[in-house]
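# A look at the structure
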Amino acid sequence: MNETKKYVGKIQHIWLYPVKSMQGVLVPETEISNGGVIGDRSYAVMSIDKKTIASAKNPKKWGDLLKLHAQFTHTPESNKPLPEVEIQFPNSMSILSSDPQVHSLLSDYIGQDVELSTTRSNNIIVERVDPLDANESVLDIGELMLANKFSDYADMHIITTSTLKKLSKISPDIDFDERRF
């Protein structure tokens with residue numbers, strides 16, 4: 001059977017976010033499984049009781065996470081232990097996920113007791129400000145979080161440059177940075 005191949009586009013950037021709601025890194029290549037990019041959002045900052053996952057979708061409470069950078073110490077691979085993550089703070093200080101001080105440094109930075117984790121309970125809370133409510137009520141979207149990682153809604157997002165251009169045309173006052181998706 002001879003199939004006709006159709007060119008649909010070219011991948012320009014691949015972003016990997018090792019820790020949910022922290023800035024990620026641009027990677028030249030990655031391994032993709034049926035769960036998305038290997039290692040993506042495999043760590044999260046969580047409340048001490050492991051019930052609430054920190055998410056910048058509630059920016060008043062967790063927005064400072066977006067000022068932190070996270071990157072793996074080496075490329076994650078499927079069926080291998082997850083590599084350590086290095087977290088860089090705005091003051092250029094950095095710490096490894098294996099350092100016993102990581103939890104206290106994150107707690108001090110955020111202003112509440114948290115810990116960095118790769119595991120979560122089945123019943124979790126993920127707070128999101130309702131984008132359709134002018135009063136900014138907070139919704140719990142924990143039930144939407146994907147199994148075995150800290151992603152909500154989708155394993156992977158593929159955003160085209162034409163989509164970003166169209167969004168910018170519709171709302172020119174908003175910066176539709178590809179990293180937001």
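Starting from 1, residues in each chain are numbered consecutively following that chain's sequence as written. Under the rules for a predicted model, residues below a pLDDT of 70 receive no local features and side-chain atom pairs below 80 are neither given nor counted, while totals for whole chains, interfaces and linings still include all residues. Hydrogen atoms and water are omitted, and side-chain values are computed over all heavy atoms in the structure.

### Regarding the overall build of the chain
Of regular secondary structure, the chain possesses three helices and 12 strands. In the chain, which comprises 181 residues, the share counted as buried stands at 35%. Any pair of residues with heavy atoms lying within 4.5 Å of one another is described as a contacting pair. Look at the contacts in the chain between residues 6 or more apart in sequence, and 54% of them connect residues 24 or more apart. For the chain, the exposed surface amounts to about 11900 Å²; the carbon and sulfur share of it is 50%. Only DSSP runs of H or I covering at least 4 residues are called helices, and only runs of E covering at least 2 are called strands; the numbering of each starts at the N terminus. Burial status follows relative accessibility: with a 1.4 Å probe on protein chains alone, a residue under 20% of its type maximum counts as buried, one over 50% as exposed, and anything between as partly exposed. Residue-level accessible areas treat just the shown protein chains as cover; the underlying method is Shrake-Rupley with a 1.4 Å probe.

### Notes on the side chain of Glu115
With respect to the helices and strands, Glu115 occurs in strand S10 (residues 114–117). Beyond its immediate sequence surroundings of up to four residues, Glu115 is in contact with Ala44, Val45, Met46, Ser47, Ile48, Lys50 and His103.

### Quick look at helix H2 (residues 102–110)
Three or more residues of H2 are buried, namely Val102, Leu106, Ser107 and Ile110. Looking straight down H2, one finds that the buried residues subtend no more than 130° of arc, so they occupy a single side. Buried residues along H2 sit in contact with strand S5 (44–47), helix H1 (59–62), strand S8 (85–88), strand S9 (94–96) and S10. The arc in question is traced by the directions running from the helix axis to the C-beta atoms.

### Details of the nonpolar core
Counting residues in each nonpolar core, the largest one holds 23 residues, and the members touching the most others are Val19, Met22, Val45, Leu65, Ile87, Leu106 and Leu116. Secondary-structure elements contributing two or more residues to this core are strand S7 (69–72), S8, H2 and S10. In terms of residue count, the dominant contributor to this core is H2 (three residues). The residues contacting Met22, other than those within four sequence positions of it, are Tyr17, Val45, Leu65, Leu68, Ala70, Ile87 and Leu106. We define the nonpolar core as a collection of buried residues of types Ala, Val, Leu, Ile, Met, Phe, Trp, Tyr and Cys that are connected through side-chain atoms lying within 4.5 Å of one another.

### Some details on the pattern of salt bridges
Between side chains of opposite charge, a pair can form when the charged atoms approach closely. Salt bridge, as applied in this entry: a Lys or Arg side-chain nitrogen positioned within 4 Å of an Asp or Glu carboxyl oxygen. Across all of its chains, the model carries three salt bridges by this definition. Residues Asp40 and Arg41 are paired through a salt bridge, measuring 2.5 Å at the closest nitrogen-oxygen approach. When the shortest N-O distance is used, the salt bridge between Asp64 and Lys67 registers 3.2 Å.

### Side note on unusual backbone geometry
A positive phi is found at Ser21, a non-glycine position, where the angle reads about 70°. For Ser21, the position within the fold is in the loop between strand S1 (15–16) and strand S2 (25–26).

### Quick word on the pairing of S8
The two faces of S8 differ: Val85 and Ile87 on one face are buried, but Glu86 and Gln88 on the other face are not. By the convention used here, strands pair only if DSSP detects at least 2 bridges between them. Inspection of the sheet shows S7 paired to S8 by four bridges, in the antiparallel sense. Among the inter-strand pairings, Ala70 is bridged to a residue of S8, identified as Ile87. Hairpin remark: S8 followed by S9, antiparallel, with five residues in the connecting loop; positive phi at Ser92, about 75°.

### Observations concerning the confidence of the model for the chain
Within a predicted model, pLDDT stands for the predictor's per-residue confidence, ranging from 0 to 100. For the chain, the mean per-residue pLDDT works out to 84, and 87% of the residues sit at or above 70. Within the chain, strand S12 (residues 138–140) has the poorest average pLDDT of any element, 61, and S8 the best, 98.

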